[in-house]
Amino acid sequence: GIRRAAATPVRVVATHLCDRRRAHVAMATVKDVPADAFIAAYAEHLKASDKIQLPEWVDLVKTGRHKELPPLDPDWYFVRAASVVRHIYMKQGIGVKTFGKMYCGKYRRGVRPVHVSTGSRGLIRHILHQLEKMKLVEAHSGAKGGRCLTSQGRRDLDLIAGRVSAASNADAL
């Protein structure tokens, strides 16, 4: 089976007034939940929201030059979009070229030495345009450019992370 890391303690990130007392409400962020659980949950959320329009070539395209076939999972586009959004959450200002490096792989050339091949940057660019239409990411104002999350995007991601954290805490009990 797959070994999962122990759940990290939830940080207190919000304070709300309740009954004239200060009560600390713990909210889980994306950094507090396991990556695989978050990406799966956010991919389901993106699929259910119907805001991402799948391109007509989604079942034909490979995810990189180093791949032989397109992905077998029919929801792979949503999984990749969730992964891209999580990477932007973790580090602001990531551009298309850096994402291509993140999704790289070994390009096997028969008997010749293996080279490293970047992931499909056109696919990543299309995903980023879709996320910009959803108002989850925007152009970064830094010197190097890239993308960063909007406040709506951060709120959306933290909401899903809270649900994943609550579900994992309920499973632990």
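Just above sits the structure.
Residues numbered from 1 in each chain as written. Predicted model: local features only at pLDDT ≥ 70, side-chain atom pairs only at ≥ 80, totals over all residues. Heavy atoms only, no water.

Quick word on the pattern of salt bridges
Next, step 1: The full count for this structure, using the stated rule, is 2 salt bridges.
Next, step 2: Here Asp75 ties to Lys47 by a salt bridge, and the two come within 3.1 Å at their closest N and O atoms. One end of the pair, Asp75, is in the loop between helix H1 (35-49) and helix H2 (76-90); the other, Lys47, is in helix H1, with 28 residues separating them in the sequence.
Next, step 3: Ionic pairing is found between Glu132 and Arg147, a salt bridge with its closest N-O pair at 2.5 Å. In this pair, Glu132 sits in helix H4 (residues 121-133) while Arg147 sits in strand E6 (residues 147-149), placing the two residues 15 residues apart along the sequence.
Next, step 4: Of the residues examined, Glu132 reaches a relative accessible area of 26% and is grouped as partly exposed.
Next, step 5: On the basis of relative accessible area, Arg147 is assigned to the buried category, the value being 13%. (Salt bridge = Lys/Arg side-chain N within 4 Å of Asp/Glu carboxyl O. Helix = DSSP H or I, 4+ residues; strand = E, 2+ residues; numbered from the N terminus. Buried < 20%, exposed > 50% of the residue type's maximum accessible area, 1.4 Å probe, protein only.)

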